[in-house]
Amino acid sequence: MAVGENRGADRRRYFSMKLSLLWGSKGNDGSKKPSDQPKVSIEDETSGATVTKDMFGIAFIAMTVLLAIAPFFVYPLFLMQALCFALFACAFNLLIGYVGLLSFGHALYFGWASYLSAHAAKVWGLTPELAILTGTLTGCVLGLIAGSLAIRRLGIYFAMITLSLAQMMYFFALQAKFTGGEDGIQAVPRGKLFGVVDLSNQMTMYVVVAVIFLAGFLFIHRIINSPFGEVLKAIRENEQRAISLGYKTERYKLVAFVLSATLAGLAGSTKAIVLQLASLTDVNWPMSGEVVLMTLVGGLGTIFGPVIGAFVILVMQYKLAPVGEWVVVIQGAIFVLCVLLFRRGIIGEIARLLRIRL
Amino acid sequence: MFELLGIPPQALFGQLLIGLINGSFYALLSLGLAVIFGMLNIINFSHGAQYMMGAFVAFLLLQHLDIGYWGALIVAPIVVGFTGVLIERLFLQRLYKLDHLYGLLLTFGLALIIEGIARKYYGSAGLPYRVPDSLQGGQNLGFMFLPNYRAWVIVFSLFVCLGTWFVIERTRLGAYLRAATENPTLVRAFGINVPRLITLTYGFGVGLAALAGVMAAPIYNVSPQMGSELIIVVFAVVVIGGMGSIMGAVVTGFGLGVIEGLTKVFFPEASNTVIFVIMAIVLLVRPAGLFGRSA
């Protein structure tokens, strides 16, 4: 009796093994598509299934209050610079955090927007709001061109293509006459907002930058929580399924890319007016890496993460300025540590501990 | 002397030679990237930094241990390859179950660390490395002067590329590798130690980068940023060629080097960007890359 049972069990095991082999080989045929491979997506890493409350409203008000009182305690120029980078990181996060696309060339939109904005303000003599608009449109157009090329390839190729295109435009910036080559465009006039409000006053400029940042931030929040944003998240989770549901995912990805590039352009052009400088640093590849680092430290796919990340990285750069060359090494070490041990980032960890969505 | 399209032949063949030299490095590096990507599914962003490490190890061997070029050609790839094995064991191994992006980010961080340390101790200026005595001088081919060392670089890198192709496509070890790329679980079931195979593959790919670095040292000098400048171009080469085939990587690498060299003759302003422009065109016409299977 017992022997017979064993034999039956063996047979069952044999069949299930055969079955699993079948399934295994079937799964493997599809494994060329990245979406079919077993992997931990960014969403699993960041928010998890334990989310219970959406604390966006409270957190946003807290952030606004902080920004309102901060200039009385912290050097305003530093705050303005940090806000520009925070907006830049939020724009970048829109792609990696919500569509799952890693752009390794976001310096392209940031840097070129800052060149055009600086050029418009200095040479064409435009008022600051028009100069910023010029830069933002530059980001938009460049995003449309680069995006329509890059979305033709998936996954890892996407990152390499965006990086290569950014490097190409870096060489253009190096060679073009109007960018000033190694010197960059210096002494950009801040001018008068709408021809009326003088921006050379540090506090006035701060208010303008804070308003631009908050508007950009709210716009990104709106995108993420719109039906359009839901489709983006669906693409991030499983692009094949989104396609089979009838979504033209390429178009969605392109629109998201252009939005991200445009907002990066807004950040870059504001930065050019604030610091009165556009230079090669903003358009070169280490800048693309820096924005990745800011977002990673703060938390991929969290809306407040990139803001915190930008502040953390900038404070670190200021504090570590005396040790000079070690900054790059430390940044590299943070990259490694974040990827190995701390993939949720600061905000992602806090959100997980408090079981809220941030 | 005849002229081609108003270009003196010395200039033309001179740039063609430089193109072939650059092409050998593109080929060696994109080959390493392709081999690593095939097994680990990771784009090794620190490939450029490891190429630079190869050159630095050669430089340090000469400075401190009086080991010359030929010794360095053997020792440097082994040393750097061993650090690659450590990196795979300590870091990369933990990432295989995650999204590919994390591998890229981690190796990017490693590249920053390696390059930062090199810059801290050796500054940004290039350190000269002498061409070995046995390869000094050159041949006058009538239409151009061919330095012996450059001829050696082209021939030897071709040899290494073909050797790698042979090992992967024609030997038993290569068959294991290809099988493990296709279906690691099944290959493991046959009693082959796949994790060790993966570790060695990474070490080998990194060693190839270091070998290229040693070969580059007498030509470009040894400097901390020599890798980061090159690696982005190599990424474009990889996008153009696709990482599916080894021969594809080699042919694309040499081909693009030559095209870049010719661009320097006819349209010097575009020589920095021509490879990226070609990448954009290839993406428009053949999104999967010249030799790639569809993405």
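Every value quoted in this text rests on a predicted model; they were computed, and no experiment measured them.

Cut-offs and rules
Residues numbered from 1 in each chain as written. Chains lettered and ligands numbered in written order. Predicted model: local features only at pLDDT ≥ 70, side-chain atom pairs only at ≥ 80, totals over all residues. Helix = DSSP H or I, 4+ residues; strand = E, 2+ residues; numbered from the N terminus. Buried ≥ 20, exposed ≤ 12 C-beta atoms within 10 Å, placed from the backbone. Contact = placed C-beta atoms within 7 Å. Rg over C-alpha atoms; globule rule 2.2 N^0.38 Å. Axes fitted to C-alpha atoms, helices over the stretch in contact; angles between N-to-C directions. Parallel < 35°, antiparallel > 145°, perpendicular 65-115°, else oblique. Nonpolar A, V, L, I, M, F, W, Y, C, P; charged D, E, K, R; others polar. pLDDT = per-residue confidence, 0-100. Core = buried A, V, L, I, M, F, W, Y, C linked by C-beta atoms within 7 Å.

**Digging into the overall build of chain A**
Then step 1. What chain A contains, in helices and strands, is 15 helices and four strands.
Then step 2. Relative to its full complement of 358 residues, chain A shows a buried share of 46%.
Then step 3. Sequence-distant contacts, at least 24 apart, represent 79% of the contacts inside chain A between residues at least 6 apart.

**So, the overall build of chain B**
Then step 1. When helices and strands are counted, chain B shows eleven helices and two strands.
Then step 2. For chain B, the N- to C-terminal ordering of α and β elements is α-α-α-α-β-β-α-α-α-α-α-α-α.
Then step 3. For chain B, the C-alpha radius of gyration of 19 Å lies close to 19 Å, the compact-globule estimate for 295 residues.
Then step 4. With the principal axes as the frame, chain B shows a C-alpha extent of 65 × 50 × 35 Å.
Then step 5. By the burial criterion, 50% of the 295 residues in chain B qualify as buried.
Then step 6. For chain B, the proportion of contacts with a sequence separation of at least 24, taken over those separated by at least 6, is 76%.

**Comments concerning the environment of T107(B)**
All names here are of chain B.
Then step 1. Its place among the elements puts T107 in helix α4 (residues 100-122).
Then step 2. Taking the C-beta count within 10 Å as the criterion, T107 has 26 such neighbours and is therefore assigned buried.
Then step 3. Here the alpha-carbon distance between T107 and I278, two residues 171 residues apart in the chain, equals 26 Å.

**What about the packing of helix α4 (residues 76-98) of chain A against helix α12 (residues 285-298) of chain A?**
All names here are of chain A.
Then step 1. α12 packs onto α4 with a crossing angle of 80° between their chain directions and a minimal axis gap of 9 Å. Overall, the two elements α4 and α12 adopt an arrangement that is roughly perpendicular. Residue-level contacts link F85, F88, A89, F92, N93 and I96 of α4 to V291, M294 and T295 of α12.
Then step 2. Taken together, the residues of the contact of α4 with α12 sort by class into seven nonpolar, two polar and no charged.

**Quick notes on the interface of chain A and chain B**
How big an interface is tends to be stated in terms of accessible area lost as the parts join.
Then step 1. Contacts between chain A and chain B engage 42 residues on the former and 39 residues on the latter.
Then step 2. At 14 residues, helix α7 (residues 155-175) of chain A tops the list of elements feeding residues into the side of chain A that touches chain B.
Then step 3. Class assignment for the residues of the side of chain A that touches chain B results in 28 nonpolar, ten polar and four charged.

**Thoughts on the confidence of the model for chain B**
Then step 1. Of all residues in chain B, 96% attain a pLDDT of 70 or more, and the chain-wide mean is 84.
Then step 2. Both confidence scores are given for the complex: pTM 0.84, ipTM 0.86.

**A short note on the nonpolar core**
All names here are of chain A.
Then step 1. By size, the foremost hydrophobic cluster in this structure holds 198 residues, and its most contacted members are A86, L87 and F88.
Then step 2. Counting residues per element, this core draws most heavily on α4, at 17 residues.
Then step 3. Discounting chain neighbours no more than four positions away, the residues touching L87 are F213, G216, F217, L263, L266 and A267.

**Quick notes on the environment of I74(B)**
Residue and element names in this part refer to chain B.
Then step 1. Position of I74 relative to the elements: it lies in helix α3 (residues 69-90).
Then step 2. For I74, a count of 12 C-beta atoms within 10 Å translates into the label exposed.
Then step 3. The sequence separation of I74 and V214 amounts to 140 residues, and the corresponding C-alpha distance is 9.4 Å.

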